[in-house]
Amino acid sequence: MTRYEIEDHLEENGLVIIPTGSVEQHGGHLPVGTDAYAVREIAERVATQLDGLLVPFGSLGVTPFHADMAGAIHLKSETFMALFRDVCESLIQHGADKVVVVNWHEGNTSSIETAAGRLQEEFPDVRFVISQASYAAQELYEDYHDLTHGGPLEVLPVLARRPDTVHLE
């Protein structure tokens, strides 16, 4: 979108969608970008259905429990919160008044909640909604088994987005 299209969009409905994930291991069958691929797949659909502006937030998250494994990129909570805050403040400055965070990686949760809470206090006219997309998916597909880290819950969105990166053999 051009800056003028973004201005028009924010003036019309003010809704932005921020996808958050992580870069970490998911076993030998999935890429380290699994959380980023999964959340992007879902966030694109949410943005389309809600006519929201999809924000290119990035793939990195708070993942200290995977930091020792090759390929993992870990942001400190403070770094993640500062990045999230700067992105939100920029969006608010340009007219966003509804922020929906679609989070896939539970390691980001407390940082998002803390930063969004502080922003809500500073910008009382802006509404923040935080969706834990992986938890929602688990509820929707509870009849399936093994909906755990690296299981079908994470394989399916990666297959939809980047089937060439999945090694089911």
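Higher on the page you've got the structure.
Please read these numbers as outputs of a predicted model, since none were measured by experiment. (Residues numbered from 1 in each chain as written. Predicted model: local features only at pLDDT ≥ 70, side-chain atom pairs only at ≥ 80, totals over all residues. Heavy atoms only, no water.)

1. Some words on the sheet that holds strand β2 (residues 53-54)
At step 1: With parallel pairing, the four strands of this open sheet are ordered in space as β2-β1-β3-β4. Two strands bound the open sheet, and with one partner strand each, they are β2 and β4 (127-132).
At step 2: With six bridges connecting them, strand β3 (residues 98-103) and β4 associate as parallel partners. Bridged to V102 within β4 is S131.
At step 3: Packing against the sheet, helix α3 (residues 77-93) makes contact with β1 (15-20), β3 and β4, and its axis sits at approximately 160 degrees to β1. (Pairing = 2+ DSSP bridges. Helix = DSSP H or I, 4+ residues; strand = E, 2+ residues; numbered from the N terminus. Contact = heavy atoms within 4.5 Å. Axes fitted to C-alpha atoms, helices over the stretch in contact; angles between N-to-C directions.)

2. Some details on the nonpolar core
At step 1: Formed by 24 residues in total, the largest nonpolar core has its most connected members in V16, I18, F84, C88, L91, V99 and F128.
At step 2: The set of elements that each furnish at least two residues to this core consists of β1, α3, β3 and α4 (109-122).
At step 3: For this core, the element with the highest residue contribution is α3, accounting for seven residues.
At step 4: Aside from chain neighbours lying at most four places away, what touches I18 is V55, F57, F84, V87, C88, L91, V99, V100, V101 and V102.
At step 5: I17, A38, A47 and L153 belong to the second largest nonpolar core, which has eleven residues in total. (Core = buried A, V, L, I, M, F, W, Y, C linked by side-chain atoms within 4.5 Å. Buried < 20%, exposed > 50% of the residue type's maximum accessible area, 1.4 Å probe, protein only.)

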